[in-house]
Amino acid sequence: MDHMVLEVGLAIALIALAGLLSAKLRFSVVPFYILVGMAVGPHAFHWGNLDFRFIESAELIEFMGRIGVLFLLFYLGLEFSVGRLIKSGKSIVIGGSIYIAINFTLGLMIGIFSGFPVAETLIVAGITTISSSAIVAKVLVDLRRTANPETEMILGIIMFEDVFLAVYISILSGLVLSGSSSLGGVLLSAVIALGFMLLVIIVGRKAVPLLNKVLNIRSNELFALVIFAALFLLAGFAETIHVAEAIGALLVGLVLAETEHRERIEHLILPFRDFFGALFFFSFGLTIVPSELGGAVWLSLIAVVITLLGNFIAGMLAGRSAGLSTKASSNIGLTIVSRGEFSIILANMGKAGGLAAFIQPFAALYVLILAILGPLLTKESKHVYNFLNKIFKFKDYKEKKPVKPKLKDESASG
């Protein structure tokens, strides 16, 4: 522990260099943060006190990365609102069901046609189904798309995925880790996850007048402490009832977005979002060992192609079910194609359950490719849509007029 501060400083320096390079190339910063994390880690070298293996500081960097996910989703919630979410409730359920059904079915097909056992097939299906909340949030904010008409559906699908994930992890932990699964336990997990989200949304909206008074604090120090306390307490409580802590953070943002203090909170959170968010993607890269990726190349590439196809179709169907234009619908599938933290969690569950050794390198390479392609496809979604439209001649629907963006973030790097 003698050189903990030096190691963290070295990590931040590497992240800064990656950010400068991405800005120079005018490319999304997310892949650069992940790649620089991959370049170092346990397999890297050390020179005197400069230890690029990050052995002593790995746990601290990982924890700060988790905080980064909370700030990313909290900020995204601030740019949205509970009111907009409630108005889109029915379309979100339909769109989320379409998205999960298509991607989960394709994931099952990958496992079945590859001849995997049942447990491995279910793990692979989960890995290929769940989007990365952190990457999606980062890209939406960086590209200033939080006010776009399709963003309601994108956020709704992210929340819908979390309910699915709560149920699915309950099933898999029973099958993979203990060899059995209780139907009652699975249903209880689903009810708790859904009930918690609905409770926060409903109670939070009714409590807006009270929150306006409580947050009327002149001291910036006390104001920050109150906001941070609410964020970490609710996100932490969500985790204790098996709802992703990131979704808890999103819910806090959604509620506070309704208050008259929204802009002040945004100004407060912005630097924390950028700093800790960068650490999340770097720490994610640290978990990927390049030398272990070779054996899963072909399976990962096949899964990536299938996921890209499935996401685009699912996005088009989900968007059209909500009355969005064809172009906006295509943006849904291109935006939520990134895979990340949840896929790695499922892969780690497979390892803990003693399943086939290919799962972790497959998940790492699959996630890495889509973590790079996702931001790129989102940024170039207009060109991708125009290219595909020339081929498939999509039926043109009237575009909904987007709400004027309220972002004033000068740190966007997308």
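Here the structure is shown first, and the text comes after it.
Residues numbered from 1 in each chain as written. Predicted model: local features only at pLDDT ≥ 70, side-chain atom pairs only at ≥ 80, totals over all residues. Heavy atoms only, no water.

Quick look at the overall build of the protein now. The secondary structure content of the protein amounts to 18 helices and two strands. Buried positions account for 56% of the 414 residues belonging to the protein. Restricting to contacts in the protein with at least 6 residues of sequence separation, those with at least 24 account for 83%. Accessible area of the protein: about 18,600 Å², with a carbon and sulfur share of 68%. (Helix = DSSP H or I, 4+ residues; strand = E, 2+ residues; numbered from the N terminus. Buried < 20%, exposed > 50% of the residue type's maximum accessible area, 1.4 Å probe, protein only. Contact = heavy atoms within 4.5 Å. Areas by Shrake-Rupley, 256 points an atom, 1.4 Å probe, with all protein chains shown as cover.)

Moving on: helix H13 (residues 262-286). Because each turn of an α-helix spans 3.6 residues, side chains separated by three or four positions end up pointing in the same direction. For H13, spanning 25 residues, the distance from its first C-alpha to its last is 35 Å, which sits close to the expected 36 Å at 1.5 Å a residue. The buried fraction of H13 amounts to 18 of the 25 residues, a majority that puts the element mostly inside the structure. (Expected span 1.5 Å × (residues − 1).)

Looking now at the packing of aromatic side chains. Between two aromatic rings, the relevant description is the distance of the centres plus the angle of the planes. Within the structure shown, the criterion is met by 16 aromatic pairs. Taking the centre distance of 6.0 Å and the plane angle of 50 degrees together, the rings of Phe196 and Phe237 count as tilted. One end of the pair, Phe196, is in helix H9 (residues 183-206); the other, Phe237, is in helix H11 (residues 220-240), with 41 residues separating them in the sequence. Owing to a relative accessible area of 7%, Phe196 belongs among the buried residues under this scheme. For Phe237, a relative accessible area of 44% corresponds to the partly exposed category. Seen in terms of ring centroids, Phe228 and Phe232 are 6.5 Å apart; in terms of plane orientation they differ by 55 degrees. Their pairing is tilted. (Phe/Tyr/Trp six-rings, centres within 6.5 Å; stacked < 30°, edge-to-face > 60°.)

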